[in-house]
Amino acid sequence: RPPHNTTTAKLSLLRNNSFCQSGLFWRLPAKDTCPGSILPLRGTVYILYDVNISEGFNLRRDVYIRMAVFVRRLRRRKRFRNVRLVLPPWPRLYHWHSHGLNQSDLMWRNFFDLDSLRRYAPVLDYDEFVAEYRQFGMPAPPYVHVSQAFRLTHYEIMKEQGIFRDKYERITPEDSNGRRIEACNENSVSGGPLLQQRLLRYDRYHCVRFQGSAGLLERMLREAIDEDTSGIEDVDDMRVYAVLSAETVLHDNWGDEHFWMARRSMRFAKFLNQVAADFRLMALSTTDTTAGVQRPAMWELERPKRDARGGDYLCAHLRRGDFVRSRESTTPTLKAAAQQIKQLLRAFNLTTVFVASDATPYELLELKELFYRFRFVHFTPESNVQRQQLKDGGVAIVDQLICAYARHFVGTYESTFTYRIYEEREILGFSKSSTFNTFCKALGGNCARNAVWPIVWNDEDDERFY
Ligand SMILES: C[C@@H]1O[C@H](OP(=O)(O)OP(=O)(O)OC[C@H]2O[C@@H](n3cnc4c(=O)[nH]c(N)nc43)[C@H](O)[C@@H]2O)[C@@H](O)[C@H](O)[C@@H]1O
């Protein structure tokens, strides 16, 4: 796709612009010729981002946190006071196997409560962004003009004289031996398919070696804004930038109070919570009250607690799929997993196990047969209508929400799916011992355990941290 020429774009917009006839559409227009709704958008910087195409749902959630913490902080800077983070449409993910479902280009509101996200950081779903952007007077497609797109890639050698320094540099698509650097291929979707969006064009594409935390992105964006600014007359223009392979960016401070505030703001969409609550009630006789969990209407009202009891069931997250082959040495067989679950059920005097898994239906049947003296519960959508509504991503979230309310939880070694359940239980107020548990390869083995990253609270006004 050829880069779009900015000047041509500006001129054609000027000709067609029915809203803002007083000047270039992204400048502050005269009050009498433009809709009042766009005046507060003066100087907006829209940051679009996307993630490596092969990453799964739960790592993507972590990348969101890095970006959300970053833009919330960035808002403090004068040039970025109107910054917006544009949420990348979910492409069809590698793990979403179901057929007959519309699973590409999904908006975040299919999975998350956007109002809740927005009370932490200024975010827009992609279609909201396009609608907002069009108010600037874009009369016809392509509506969105990204002035610079940055495809991030790692440095080949991370340490200089043994030291890991924050740094970035724009590079050419070939290495010093003239070999093409695949990550720099402008037509590749490996950094995320964002630039393929039908209504979007970009002007300049940079391949960037990047090493450092989200704070370093500010420098990269400032440099871009400086390049795009010719003088006093366009210093406050609206700008759009895109960052691809944003998983390259590290957390400013992983696991601190900012991480946890952003994480707590990631409440799931209300209808997913309802499906999970109905299932917990009907299949597991569990309510918020009987489980003793905290879940105020707003995440800001949550407070530290450690006395959640959980429903009368144990939850096991048993990762199968690619883990069976790629992590063979740490992933238990079905039989070994069943042995470990049964030992835990006896230890906690429970009779019901809820299993969350990406196992095939055949594997699930095989597993169920190993629990003939216990109750084996697994969630599947109750109807085709519900399956269409939830999609594979929603089913996985319902699984997580059921595990989050269990008396005891055990998860899979090095699965981000398991880690997100740990976090949810930390927020809900469970004891660490009921949460941070990991399957071993075999019963009784001395095995590697997942890291324990407990929640960090700040119950005072968070403004003082900036
Ligand atoms: C090593 C890496 O691990 C990463 O997996 P990992 O961290 O477990 O976790 P995720 O990145 O979320 O990817 C696993 C995906 O598999 C499905 N899945 C896994 N467990 C369950 C479950 O209990 N219930 C349901 N309904 N679905 C499940 C779901 O679509 C989920 O997003 C992968 O994303 C990478 O591709 C790579 O394999």
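Thresholds, definitions, all that
Residues numbered from 1 in each chain as written. Predicted model: local features only at pLDDT ≥ 70, side-chain atom pairs only at ≥ 80, totals over all residues. Heavy atoms only, no water. Pairing = 2+ DSSP bridges. Helix = DSSP H or I, 4+ residues; strand = E, 2+ residues; numbered from the N terminus. Axes fitted to C-alpha atoms, helices over the stretch in contact; angles between N-to-C directions. Contact = heavy atoms within 4.5 Å. Expected span 1.5 Å × (residues − 1). Buried < 20%, exposed > 50% of the residue type's maximum accessible area, 1.4 Å probe, protein only. Salt bridge = Lys/Arg side-chain N within 4 Å of Asp/Glu carboxyl O. Disulfide = S-S within 2.5 Å. Near = heavy atom within 4 Å. Polar contact = N/O pair within 3.5 Å; in protein donor to acceptor, adjacent residues only side chain to side chain. Areas by Shrake-Rupley, 256 points an atom, 1.4 Å probe, with all protein chains shown as cover. 1 Å grid on protein atoms, 1.4 Å probe; cavity = no way out; pocket = protein on both sides within 12 Å on 5 of 7 lines; lining within 4 Å. Sits in = over half its atoms within 2 Å of the grid points. Nonpolar A, V, L, I, M, F, W, Y, C, P; charged D, E, K, R; others polar. Domains from an automatic or database assignment. Core = buried A, V, L, I, M, F, W, Y, C linked by side-chain atoms within 4.5 Å. Right-handed = clockwise from strand over helix to strand, strands pointing away. Phe/Tyr/Trp six-rings, centres within 6.5 Å; stacked < 30°, edge-to-face > 60°.

Student: Please clarify how the sheet that holds strand E13 (residues 406-410) should be interpreted in this entry.
Tutor: Picture the strands of a sheet paired through backbone hydrogen bonds; they go either parallel or antiparallel. An order of E12-E11-E10-E13 is seen for the four strands of this open sheet, with the pairing classed as parallel. Each having just a single partner strand, strand E12 (375-377) and E13 make up the two edges of the open sheet. For this sheet the average axis-to-axis angle between neighbouring strands, irrespective of direction, equals 25 degrees. Note: strand E10 (residues 311-318) against strand E11 (residues 352-357), five bridges, orientation parallel. Note that in E11 the partner of Ala316 across the bridge is Val355. Across the sheet, helix H7 (residues 270-284) touches E10, E11 and E12, and the angle it forms with E12 is around 160 degrees. Helix H12 (residues 384-404) rests against E10, E11 and E13 of the sheet, and its axis sits at about 145 degrees to E11.

Student: Looking at this structure, I do not really get helix H13 (residues 416-428). What am I missing?
Tutor: For an α-helix the count is 3.6 residues per turn, leaving residues at separations of three or four pointing the same way. Along its 13 residues, H13 runs 18 Å from first to last C-alpha, staying within 8% of the 18 Å computed at 1.5 Å per residue. By the criterion of burial, H13 is predominantly enclosed, with 12 of the 13 residues buried. Those residues of H13 that sit buried are Phe417, Thr418, Tyr419, Arg420, Ile421, Tyr422, Glu423, Glu424, Arg425, Glu426, Ile427 and Leu428. Along its buried surface, H13 packs onto helix H2 (57-74), helix H6 (257-265), E10, H12, E13 and helix H14 (432-435). Within two residues after H13, Gly429 carries a phi angle of roughly 95 degrees, on the positive side.

Student: Honestly, the pattern of salt bridges in this entry has me stumped. Any pointers?
Tutor: Close approach of charged atoms lets side chains of opposite charge pair. Summed over all chains, the structure comprises 33 salt bridges. Where Arg77 meets Glu218, a salt bridge forms, and the shortest distance between an N and an O atom there is 3.0 Å. Here the residue Arg77 occupies a position in the loop between H2 and strand E2 (83-87), and Glu218 occupies one in helix H5 (residues 214-228), the gap between them amounting to 141 residues. For Arg77, a relative accessible area of 38% corresponds to the partly exposed category. On the basis of relative accessibility, which here comes to 14%, the residue Glu218 falls in the buried class.

Student: I'm lost on the state of the cysteines in this one. Help?
Tutor: Simply put, disulfide is the name for a covalent bond between the sulfur atoms of two cysteines. Under the defined criterion, the tally for this structure stands at three disulfides. A sulfur-sulfur separation of 2.0 Å characterises the disulfide bridge that pairs Cys315 with Cys403. Remark: Cys403 occurs in helix H12 and Cys315 occurs in strand E10; sequence separation between them is 88 residues. Take Cys315: its relative accessible area is 0%, and that puts it in the buried class. Classification of Cys403 as buried rests on a relative accessible area of 0%. Disulfide partner of Cys440: Cys447, at an S-S distance of 2.0 Å. Torsion about the S-S bond of the Cys440 and Cys447 cystine: about -55 degrees, corresponding to left-handed handedness.

Student: I would appreciate a short explanation of unusual backbone geometry in the present structure.
Tutor: Glycine aside, a negative phi is what most residues show, and trans is what most peptide bonds show. Positioned with a positive phi, Ser285 is a non-glycine residue whose angle comes to about 45 degrees. Along the polypeptide, Ser285 turns up in the loop between H7 and helix H8 (288-291).

Student: Just to check I follow, could you spell out the site of the ligand for this structure?
Tutor: Lining the immediate surroundings of the ligand are 20 residues, of which Asn58, Arg319, Asp322, Ser415 and Thr416 lie closest. The separation between an oxygen atom of the ligand and a polar main-chain atom of Ser357 is 2.8 Å. Burial of the ligand by the protein amounts to 87% of the accessible area it has alone, namely 700 Å². If you map the ligand onto the pockets, it falls in the largest pocket. Residue assignment for the shell around the ligand shows that the elements contributing at least two residues are H2, helix H9 (322-326), E11, H12 and H13. Here the element with the most residues in the shell around the ligand is H12; it accounts for three residues. Across the shell around the ligand, the residue classes break down as seven nonpolar, eight polar and five charged. Here the shell around the ligand spans two domains, since at least three of its residues come from each of domain 1 (6-257) and domain 2 (269-435).

Student: I would appreciate a short explanation of the nonpolar core in the present structure.
Tutor: Within soluble globular proteins, side chains that are nonpolar generally end up buried alongside one another. Ile47, Tyr49, Tyr64, Trp108 and Phe354 are the most contacted members of the largest nonpolar core, which totals 89 residues. Considering every element that reaches this core, the biggest residue donor is H2, with 10 residues. Each of domain 1 (6-257) and domain 2 (269-435) gives at least three residues to this core. Leave out the neighbours within four places in its chain, and Tyr64 touches Tyr49, Leu85, Leu87, Trp108, Leu117, Val123 and Met266. By size, the runner-up hydrophobic cluster in this structure holds 26 residues, among which are Leu41, Val130, Val146 and Leu199.

Student: Teacher, can you tell me more about the pairing of E2 here?
Tutor: As a general feature of sheets, a regular strand has side chains that alternate between the two faces. With respect to burial, E2 is a largely interior element, five of its five residues being buried. Neither face of E2 is open: one carries Val83, Leu85 and Leu87, the other Arg84 and Val86, and all of them are buried. As a crossover connection, the stretch from strand E1 (residues 45-49) through H2 into E2 is right-handed. Pairing between E2 and strand E3 (residues 123-125): three bridges, direction parallel. Paired with Val86 across the two strands is Leu124, which belongs to E3.

Student: Looking at this structure, how should I read the sheet that holds E3?
Tutor: With mixed pairing, the seven strands of this open sheet are ordered in space as E3-E2-E1-E9-E4-E8-E7. Whereas interior strands pair on both sides, the edge strands pair on one side only; in this sheet they are E3 and strand E7 (167-171). Direction aside, the axes of adjacent strands within the sheet are offset by 30 degrees on average. With four bridges joining them, E1 and E2 adopt parallel strand pairing. Among the inter-strand pairings, Ile47 is bridged to a residue of E2, identified as Leu85. Seen against the sheet, helix H4 (residues 126-134) touches E1, E2, E3, strand E4 (144-153), strand E8 (200-211) and strand E9 (239-244) and runs at an angle of roughly 95 degrees to E3.

Student: I'm lost on the packing of aromatic side chains in this one. Help?
Tutor: Geometry of an aromatic ring pair is reported as the spacing of the ring centres plus the angle between the planes. Per the stated rule, a full pass over the model turns up 25 aromatic pairs. Judged by centre distance (5.2 Å) and plane angle (90 degrees), the ring pair of Phe279 and Phe379 falls under edge-to-face. You can see Phe279 sitting in helix H7 and its partner Phe379 sitting in the loop between E12 and H12, a full 100 residues away along the chain. Taking relative accessible area as the criterion, Phe279 reaches 16% and is therefore assigned buried. Residue Phe379 is classed as buried on the basis of its relative accessible area of 4%. Ring pairs connect the aromatic residues Phe57, Tyr64, Trp90, Trp96, Trp108, Phe111, Phe112 and Phe268, which therefore count as one cluster.

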